[in-house]
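Residue-level structural notes
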Amino acid sequence: MQLEKRQLSQSEENYIKAIYALSETCEDTISTNLLAERMSTKASSVTDMLKKLTDKELLTYQKYQGCGLTPKGRAIALSIVRKHRLWEVFLVDKLQFGWDEVHEIAEQLEHIQSTQLTNRLEAFLGYPKVDPHGDPIPNDEGVFDTPAVRVSLASCETGSKGIVMGVDDGSPEFLQYLNKIDLKLGSEIEILEKLSFDGSLLIAMEKRTIQFSHVVAARIFIQPYQS
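Residues numbered from 1 in each chain as written. Predicted model: local features only at pLDDT ≥ 70, side-chain atom pairs only at ≥ 80, totals over all residues. Heavy atoms only, no water.

**Thoughts on the overall build of the protein**
Secondary structure summary: the protein contains eight helices and eight strands in total. The dimensions of the protein, computed from C-alpha atoms along their principal axes, are 55 × 45 × 30 Å. Burial statistics for the protein: of 227 residues in total, 40% are counted as buried. Contacts in the protein between residues far apart in sequence, at least 24 positions, make up 61% of those at least 6 positions apart. Surface exposure of the protein reaches about 13,100 Å², of which carbon and sulfur atoms provide 50%. Each charge class in the protein can be summarised by its mean position, and for the 25 positive and 33 negative side chains these summaries are 4 Å apart. (Helix = DSSP H or I, 4+ residues; strand = E, 2+ residues; numbered from the N terminus. Buried < 20%, exposed > 50% of the residue type's maximum accessible area, 1.4 Å probe, protein only. Contact = heavy atoms within 4.5 Å. Areas by Shrake-Rupley, 256 points an atom, 1.4 Å probe, with all protein chains shown as cover. Lys, Arg positive; Asp, Glu negative; His and termini not counted. Charge placed at Lys NZ, Arg CZ, Asp CG, Glu CD.)

Dropping the structure here:
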C-alpha cells in the first residue's frame, strides 16, 4: 500500500491540530501567545508558521488579532483528530496498551497519510464512536455523532448516579491514578456525599467507597441516570 502524497509537514499538522483544540475551548480567535504556550515555542516562531498556513488558505490570520481555521483547515484538523483517536482505540483494544500510554504513540501515527488505511482501521475496530478517554471520533466526513449528555462529576449533587463517559485530563499521571483506583469508562458511580466546604465527594463504585477532591471530580465526566 502506498501512502498518499504529503501536502503538509508534521509541524504544520501539529499547529493545525493545536489551533483546532484551542478553538474548542475559546470563543474568539486564537492569539499568538496562547498558541505559543500550547506549542511550547516562541511567539515569533508561531507568527512565521501562521503566515505560512495562511498562504496555504488553511487559516485566517490578522496581526495582533489572532487566527482561526478556514473550512479547509478545519477539515484537515478533524482528519488528524480522527486518525489519532482511532489509533488510540487500536493500541488499547488490540495491543493491550494502557490508556495512559497511548497518546504519544498516537501522536506519531496520526501523521500517516493514507486515507485508505484510516478507513480500514476504523472498519477493523468496528466503527468506534469514542476513543479510550471518552473523546468522540469523527467519521470520514468529519462529522461527530450526537454525543450522549455528560456532565462533570464535580457538578453533581449527593444521590446522583451515572456511568463514567470520559475524562478531561489525558496526562499519564492522572490516568495512572485512575488505573490505581480501577476507575475506567463504563464504571458506575453514585455520589454518597458532597462536602460544602471544598466540594470533595464521597463516591460509591463497585461496592467500594472512594473520596475525590474537587480537582479530580472536575476532570471526570459521567452520563447521569434518569431519576
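**A closer look at the nonpolar core**
If you look at soluble globular proteins, the nonpolar side chains tend to sit buried side by side. In this structure, Leu 153, Leu 178, Leu 183, Ile 203, Phe 212 and Ile 220 are the most contacted members of the largest nonpolar core, which totals 22 residues. Not counting the four nearest positions on each side in its chain, Leu 178 is found in contact with Trp 99, Val 167, Leu 183 and Ile 220. In this structure, Leu 35, Tyr 61, Cys 67 and Val 81 belong to the second largest nonpolar core, which totals 21 residues. (Core = buried A, V, L, I, M, F, W, Y, C linked by side-chain atoms within 4.5 Å.)

**Concerning the pattern of salt bridges**
This structure, assessed with the given rule, holds nine salt bridges. Between Glu 107 and Lys 17 there is a salt bridge, and its shortest N-O distance comes to 2.5 Å. Pair noted here: Glu 107 is in helix H5 (residues 103–109) and Lys 17 is in helix H1 (residues 10–23), with a separation of 90 residues, a long-range link. Lys 17 sits in the buried class, given a relative accessible area of 14%. Salt bridges sharing partners connect three or more residues here, namely Lys 17, Glu 107 and Glu 110. (Salt bridge = Lys/Arg side-chain N within 4 Å of Asp/Glu carboxyl O.)

**Observations concerning the packing of aromatic side chains**
Considering all chains together, one arrives at two aromatic pairs under this definition. A centroid spacing of 5.6 Å and a plane angle of 85 degrees characterise the contact between Trp 87 and Phe 90, whose relative ring orientation is edge-to-face. Of the two residues, Trp 87 and Phe 90 are both situated in helix H4 (residues 71–93); the distance of three residues between them amounts to about one turn of the helix. Neither Trp 87 nor Phe 90 differs from the other in exposure class; each is buried. (Phe/Tyr/Trp six-rings, centres within 6.5 Å; stacked < 30°, edge-to-face > 60°.)

**Looking at unusual backbone geometry**
The phi torsion at Gln 96 lies on the positive side, around 60 degrees, for a residue other than glycine. In this structure, Gln 96 sits in the loop between H4 and H5. Notably, Tyr 127 is not glycine yet its phi reads approximately 55 degrees, a positive angle. By secondary structure assignment, the location of Tyr 127 is in the loop between helix H6 (115–124) and strand E3 (151–152). Judged by relative accessible area, Tyr 127 falls into the partly exposed class, the value being 48%.

**A few points about the confidence of the model for the protein**
Residues at a pLDDT of 70 or more form 96% of the protein, whose mean pLDDT is 91. Across residues 1–5, confidence stays below pLDDT 50; counting only partners more than four residues off in sequence or on other chains, it has nine contacts. (pLDDT = per-residue confidence, 0-100.)

**Things to note about the layout of surface pockets**
Over the atoms, a rolled probe matching the size of one water molecule traces out where space is still vacant. Roughly 1,500 Å³ of internal volume is contained in the largest pocket. Looking at the largest pocket, it is lined by 46 residues, and the ones nearest its centre are Val 81, Arg 85, Asp 131, Asp 135 and Pro 136. Going through the elements one at a time, H1, helix H2 (32–39), H4, H5 and strand E4 (161–167) are the ones with two or more residues in the lining of the largest pocket. Per element, the largest residue contribution to the lining of the largest pocket is six residues, and it comes from H1. Considered class by class, the residues forming the lining of the largest pocket number 21 nonpolar, 11 polar and 14 charged. (1 Å grid on protein atoms, 1.4 Å probe; cavity = no way out; pocket = protein on both sides within 12 Å on 5 of 7 lines; lining within 4 Å. Points joined across faces, edges and corners; volume = space filled by probe spheres on them. Nonpolar A, V, L, I, M, F, W, Y, C, P; charged D, E, K, R; others polar.)

**Looking at the environment of Gln 211**
Turning to its location among the elements, Gln 211 is positioned in strand E7 (residues 208–212). Once the C-alpha coordinates of Gln 211 and Ser 187 are considered, the two residues, 24 residues apart in sequence, prove to be 15 Å apart. When near neighbours in sequence (up to four residues on either side) are disregarded, Gln 211 contacts Tyr 177, Leu 195, Ser 200, Leu 201 and Leu 202.

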